[in-house]
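If you want the building blocks of each chain, they are given just below.
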Amino acid sequence: MIQFKDVSKTFKSKGVTTQALQHVSLTIDDGDMFGVIGFSGAGKSTLLRMVNGLEMPTEGHVEINGQDLSKISHNEMRKLRKSIGMVFQQFNLLDSRTVFDNVAIPLRLNKADKDKMHKKVMELLEYVNLADKADAYPGQLSGGQKQRVGIARALATDPSILLCDEATSALDPETTESILQLLERIHKELNITMLIVTHEIQVIQRLCNRVAVMEHGKVVERGSVLEVFSNP
Ligand code: ADP
Ligand code: ADP
């Protein structure tokens, strides 16, 4: 379970103060496919990045399975990050590395045994249907293929939580659909809790069971996708 408890976040840079989040409280249950929707600047990415400790609240607390992220040790944070995968809008692949090596990055960081790592990477590439591209470089792939590499990399450490930050926003509608199908399959087959940030309502309607709507750093509406998107 992921809990935001009265979380606020203020950024200060060059004399400009931005209230990215204001008193956000939110619970995401295990197994949820949870959507966060809102316009650009609403605070969605900041919220997402707090789940793996990339941002810390200025006020309030973020807890995962009851553990307050501001109170855990460096070592516990490393362990937690291993259990959380992240998928990005711009894929964030290393262009100078092969597909194989991109997917292997988290395993190398965790000093995985070489044979096991090799087996795991090839399994992941098969899962996302890219085994034949193991030796290709990102520059040789389509956007959808790049995102499948990004997804394979995010799954490398067998996470229990997957964070998706505008994962389909750089893709055309057809490719978007294939990535949404993959995310759906991952949710079903691997039993992973997913937090999906997007500005596209159809992504939420297609995938999510629950949703929070954000505006100017606040959650202005929340509930089941059916409740929130049905017009009374
Ligand atoms: P969204 O993901 O909904 O587009 P963000 O969480 O990226 O929104 O941003 C929320 C607000 O916080 C925006 O006004 C953004 O400019 C600001 N912001 C985000 N990150 C930083 C940062 N590192 N420094 C300063 N301001 C930031
Ligand atoms: P390093 O070469 O830095 O010592 P490792 O020995 O940890 O890296 O990794 C095992 C090797 O498998 C790496 O050299 C990696 O580049 C290589 N490899 C890359 N692509 C493939 C592939 N498609 N099939 C098998 N092995 C690959």
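Residues numbered from 1 in each chain as written. Chains lettered and ligands numbered in written order. Predicted model: local features only at pLDDT ≥ 70, side-chain atom pairs only at ≥ 80, totals over all residues. Heavy atoms only, no water.

J.: I tried to follow the site of ligand 1 on my own but got confused; where do I start?
T.: Around ligand 1 sit Phe11, Thr18, Ala20, Phe39, Ser40, Gly41, Ala42, Gly43, Lys44, Ser45 and Thr46, and that is every residue in its neighbourhood. Contact between ligand 1 and Gly41: an oxygen atom at 2.7 Å from a main-chain N or O atom of the residue. Here an oxygen atom of ligand 1 and a side-chain polar atom of Lys44 are 2.8 Å apart. Considering ligand 1 on its own, with 560 Å² of exposed area, one finds that the protein chains cover 63% of that surface. (Near = heavy atom within 4 Å. Polar contact = N/O pair within 3.5 Å; in protein donor to acceptor, adjacent residues only side chain to side chain. Areas by Shrake-Rupley, 256 points an atom, 1.4 Å probe, with all protein chains shown as cover.)

J.: Mind showing me how you'd approach helix 3 (residues 99–109) here?
T.: An α-helical turn contains 3.6 residues, so a residue and the one three or four places further along point in the same direction. Every buried residue belonging to helix 3 is among Val99, Phe100, Asn102, Val103, Ala104, Pro106 and Leu107, and all of these are buried. Looking at the buried side of helix 3, the elements it contacts are helix 4 (114–127) and helix 5 (143–155). Looking at the residues trailing helix 3, positive phi occurs at Lys111, about 55 degrees. (Buried < 20%, exposed > 50% of the residue type's maximum accessible area, 1.4 Å probe, protein only. Helix = DSSP H or I, 4+ residues; strand = E, 2+ residues; numbered from the N terminus. Contact = heavy atoms within 4.5 Å.)

J.: Can you walk me through the packing of aromatic side chains in this structure?
T.: Geometrically, a pair of aromatic rings is defined through the distance of the ring centres and the angle of the planes. A full pass over the atoms with the stated rule returns 0 aromatic pairs. It is Arg185 that lies over the ring of Tyr127; its NZ or CZ is 4.4 Å from the centre. (Phe/Tyr/Trp six-rings, centres within 6.5 Å; stacked < 30°, edge-to-face > 60°. Lys NZ or Arg CZ within 6 Å of the ring centre and 35° of its normal.)

J.: Where do I start with the nonpolar core in this structure?
T.: Side chains of nonpolar character tend, in soluble globular proteins, to be buried together. Membership of the largest hydrophobic core comes to 46 residues, with the highest contact counts inside it found for Ile151 and Leu162. Leaving out residues up to four positions away in the same chain, Ile151 has contacts with Val87, Val128, Ile179, Leu182, Leu183 and Ile186. Residues Val7, Leu21, Val51 and Ile64 belong to the second largest nonpolar core, which totals 29 residues. (Core = buried A, V, L, I, M, F, W, Y, C linked by side-chain atoms within 4.5 Å.)

J.: What exactly am I supposed to notice about the environment of Lys133 here?
T.: Tracing the backbone through its elements, the reader meets Lys133 in the loop between helix 4 and helix 5. Taking C-alpha positions, Lys133 is 8.7 Å from Thr98, a pair spaced 35 residues apart along the chain. Residues in contact with Lys133, not counting those within four places in the same chain, are Val99, Leu141 and Gln145.

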